[in-house]
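# Structure at a glance
What follows is the residue order along each chain.
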Amino acid sequence: MEEVLKPQSTNNDVNFEPLVVMEFALNTNQAAIEWMITKLQASSERNGAELCVTAVRMEHNQGQTETVLLIGGRTERLLLGAEMMGLMKEYRDGNLREFTSVDINNFRGADNPDGILSMAEKQKIIFRELENIRATDEDEHVPGYEFIKLYPGRNIVKKMLSSDIVKTLFPIHDQDFLKKLGAEWYKRPLSSQPIEKIKYYYGEKLGIYFAFLGFYTISLIPPALIGFLYWITSWQNLYREAIFAVFNLIWATVFLEAWKRYCAELAFKWGCTDFVSSKFEEPRANFHGHMGRNPVTQKPEPVFPKSQQLLRFYGVTVPVLFLCLTCAFYAMLGYFWLQAIVDRWYLEDKSWLNKIDTFMPTVVYAVVIAILNAIYRKVATILNEFENHRLQTSYDNHMILKLILFEFINCFISLFYVAFYLQDMKLLKSHLMALLITTQILGQVQESVVPFLFQRRRAHRLQQAVRKLETAQSVSYSNGDVGQDLLRQVSIESSMDQYRGTQDDYLEMFLQFGYVFLFSSVFPLAAMWALINNVTEIRSDAFKMCRVFQRPFTESAANIGAWQMAFELVSVLAVMTNCALIGMNPEVQRLLPSDVTAINVLIIFVAVEHILLALKMAVAYFIPDVPDWVEVEVAKIAYQSKLALQKEQIQRSAASKRKAEVISTI
């Protein structure tokens, strides 16, 4: 193979630790593979990543060839990458500070430079370097594939992935640590989650997600217990729903404010507090445009006019979104048309079979909602890519906005229609119950039952991967050999499913939060159903992360992003909906004087709504977002940084003064 693959960089170290796998499609043109290796090994001055690469070439039956690149980096290269990324590491005083090579001796673990960075951090650095490999003016197309055009500033690795030249790109699992993590995570269903170990292995973003999922699940216990007590007791009173609704509204605020405090603690302990300017943040790998320079860092990067981005949003995204919402509206009308037919059948013949049929339109509608949501998510992803956002945070926030706007309307439009147009509380309760339970059953089937049923297929796929390696006619290496155990692990992990991120998981929790709190006065048991669902979801997600998915590249996150605002907006909307539902209760209206006009009734309940909103704001105000000790520690770090800067300036001034004195004596 060394005669075929010719690495053009002399900086490679054959003794490096393989951390990331890049697998090419079968029979990929050799020119494209050699070109990719050159890009990986070339120095940054030559628009390369300056990484270490071992190429493994396997010859199979019928003339099929398969090439896998095992990518790593020299210690000094990875430490430089950590410094360029502003990676936070533990300093000798116990605080987290941005890593710098010149100050390496003052960081914990400096006695073993190779152990300063964790395996996940090394893989994150390599992924960043892969994202920085962009096409230049000389790269017109992928070698050997003239029809795959390249444009200056476009990310080369992403282009090869989307063109199916590169089959998959993933970081290698740490099998020993993963076994220990799984034993503490999904094998102990009643114990707390090992959040610190999850963060260490999967990064801050996934650590924050599982911390939020666990925190939200625990917060469901009080409303679930009260709802269960309401269900088993026979107490019927107009104050029953009002008391439960008020409790839920206050409790939702307490939960969201308490989460912000807990999240601030995690962000500080993990060193991912968001202080980075958007001008300093690196552009997304898929961000494209003509090559220019960052006004702050002066680094070369793609530039895309803001006017074109706005034109794409208002000229394409908004009309397509309106079309999708129209489809959701007509799906709702179709549901009510079908429900009316089934209800008429039941009135004509009140048999048990027709009674069961009355629930079928809601079940079918829940399935239709799930199908429309799945289709829209693909459409939203295409639109978001088309808008060409520069920053990953901007890309994520616009994606969240699209998902929330459509799926909230798609899931809740029928409930609002029943509640405030038909004003049928009995139908609202049955419709909400059927939607919530059906949605959660579909989710559990998709996330738990389907993976279990496909366990045999997955095992067969893993066996095929191992058999393919064992039956290869020849295996050759370039730039170092690879152990059989590692090669076997790479073959197995390449056949595993790819993790798609946290967006869908947050969206599922957001919709569930809406089902529980928007109409809590109508269906108190909603929190109980949500609690049962989430307890099983935590462990099923943990199992899939450890056993089903490839290891994802770690990502930084200081909080849950735009989802925090989304949850808070729903909690505010819940005040309005529950006040309106209670106000429309005939028993409540009978308590009012008979001579009160409709306008006066409206004014009364608007006043009550504003009182509850004021109470909600007061609760939020008296619960600080950041704990006092975190604010003190942040202030200490800022003060120490100021002292260090002053000391450095004094030393420079003294050095300049001594230099001037030496020159004057000459």
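Here the structure is a predicted model, which means the values were calculated and not measured.

### Section: the overall build of the protein chain
Within the protein chain, the regular secondary structure consists of 22 helices and eleven strands. Burial statistics for the protein chain: of 666 residues in total, 47% are counted as buried. Partitioning the intrachain contacts of the protein chain with sequence separation of at least 6 by distance along the chain shows that 74% fall at a separation of at least 24. Accessible area of the protein chain: about 34,200 Å², with a carbon and sulfur share of 60%.

### Quick word on the confidence of the model for the protein chain
Mean pLDDT for the protein chain: 84, with 89% of residues reaching 70 or above. In the model, residues 1-12 has pLDDT below 50 throughout and makes 34 contacts with residues more than four positions away in sequence or in other chains. Contacts of residues 275-279 to residues separated by more than four positions or lying in other chains number eight contacts, the stretch itself having pLDDT below 50.

### A short note on the pattern of salt bridges
Within this structure, the stated rule accounts for 22 salt bridges. A salt bridge links Glu-196 to Lys-269; the nearest nitrogen and oxygen atoms lie 3.6 Å apart. One end of the pair, Glu-196, is in helix H6 (residues 195-202); the other, Lys-269, is in helix H9 (residues 238-270), with 73 residues separating them in the sequence. Taking the relative accessible area as the measure of exposure, Lys-269 reaches 45% and is therefore partly exposed. The closest approach of N and O atoms between Glu-555 and Lys-205, which form a salt bridge, is 3.5 Å. Highlighted residues: Glu-555 in the loop between helix H18 (526-548) and helix H19 (562-583) and Lys-205 in helix H7 (residues 204-219), separated in sequence by 350 residues. Relative accessible area serves as the criterion here: at 37%, Glu-555 is assigned to the partly exposed category. Because the salt bridges share partners, they merge into one network encompassing Glu-257, Lys-260, Glu-568 and Asp-625.

### Focus on the nonpolar core
Judged by nonpolar contacts, the single largest core of 95 residues is most densely connected at Trp-185, Tyr-202, Phe-210, Phe-412, Phe-510, Phe-519 and Trp-563. By residue number, the principal contributor to this core is helix H13 (residues 392-422), which donates eleven residues. In this view, Phe-510 contacts Ile-404, Phe-408, Trp-563, Ala-566, Phe-567 and Val-570; residues no more than four positions away in its chain are not counted. If you look at the next biggest cluster of nonpolar residues, it comprises 54 residues, including Val-20, Ile-71, Ala-82 and Val-490.

### Quick word on a nonpolar patch on the surface
Residues Phe-228, Leu-229, Trp-231 and Ile-232 make up a contiguous nonpolar surface patch of about 440 Å² in total accessible area. On the secondary structure map, Phe-228 appears in helix H8 (residues 221-232). What makes Phe-228 partly exposed here is its relative accessible area of 34%.

### Re empty space enclosed by the protein
A complete count under the given rule lists four cavities of 30 Å³ or more for this structure. Forming the walls of the second largest cavity are Tyr-209, Leu-213, Asp-505, Glu-508, Met-509, Gln-512, Asn-533, Asn-534 and Glu-537. Of all the secondary structure elements, the ones that give two or more residues to the lining of the second largest cavity are H7, helix H17 (503-517) and H18. At four residues, H17 tops the list of elements feeding residues into the lining of the second largest cavity. Taken together, the residues of the lining of the second largest cavity break down into three nonpolar, three polar and three charged.

### Structural notes on the packing of aromatic side chains
All chains considered together, the criterion is met by 48 aromatic pairs. Centre to centre, the rings of Phe-212 and Tyr-216 are 6.4 Å apart; their planes meet at 10°, and the pair counts as stacked. Of the two residues, Phe-212 and Tyr-216 both sit in helix H7, four residues apart, roughly one turn of that helix. The buried category is assigned to Phe-212, whose relative accessible area is 0%. Relative to Phe-412, the ring of Phe-408 has its centre 4.8 Å away and its plane inclined at 40°; by these criteria the two rings are tilted. Taken together, the positions of Phe-408 and Phe-412, both in helix H13 and four residues apart, correspond to about one turn of that helix. With respect to burial, Phe-408 and Phe-412 carry one shared label: buried.

Rules of the game
- Residues numbered from 1 in each chain as written.
- Predicted model: local features only at pLDDT ≥ 70, side-chain atom pairs only at ≥ 80, totals over all residues.
- Heavy atoms only, no water.
- Helix = DSSP H or I, 4+ residues; strand = E, 2+ residues; numbered from the N terminus.
- Buried < 20%, exposed > 50% of the residue type's maximum accessible area, 1.4 Å probe, protein only.
- Contact = heavy atoms within 4.5 Å.
- Areas by Shrake-Rupley, 256 points an atom, 1.4 Å probe, with all protein chains shown as cover.
- pLDDT = per-residue confidence, 0-100.
- Salt bridge = Lys/Arg side-chain N within 4 Å of Asp/Glu carboxyl O.
- Core = buried A, V, L, I, M, F, W, Y, C linked by side-chain atoms within 4.5 Å.
- Patch = residues over 30% accessible without salt bridge, like charges linked within 9 Å, V, L, I, M, F, W, Y side chains within 5 Å.
- 1 Å grid on protein atoms, 1.4 Å probe; cavity = no way out; pocket = protein on both sides within 12 Å on 5 of 7 lines; lining within 4 Å.
- Points joined across faces, edges and corners; volume = space filled by probe spheres on them.
- Nonpolar A, V, L, I, M, F, W, Y, C, P; charged D, E, K, R; others polar.
- Phe/Tyr/Trp six-rings, centres within 6.5 Å; stacked < 30°, edge-to-face > 60°.

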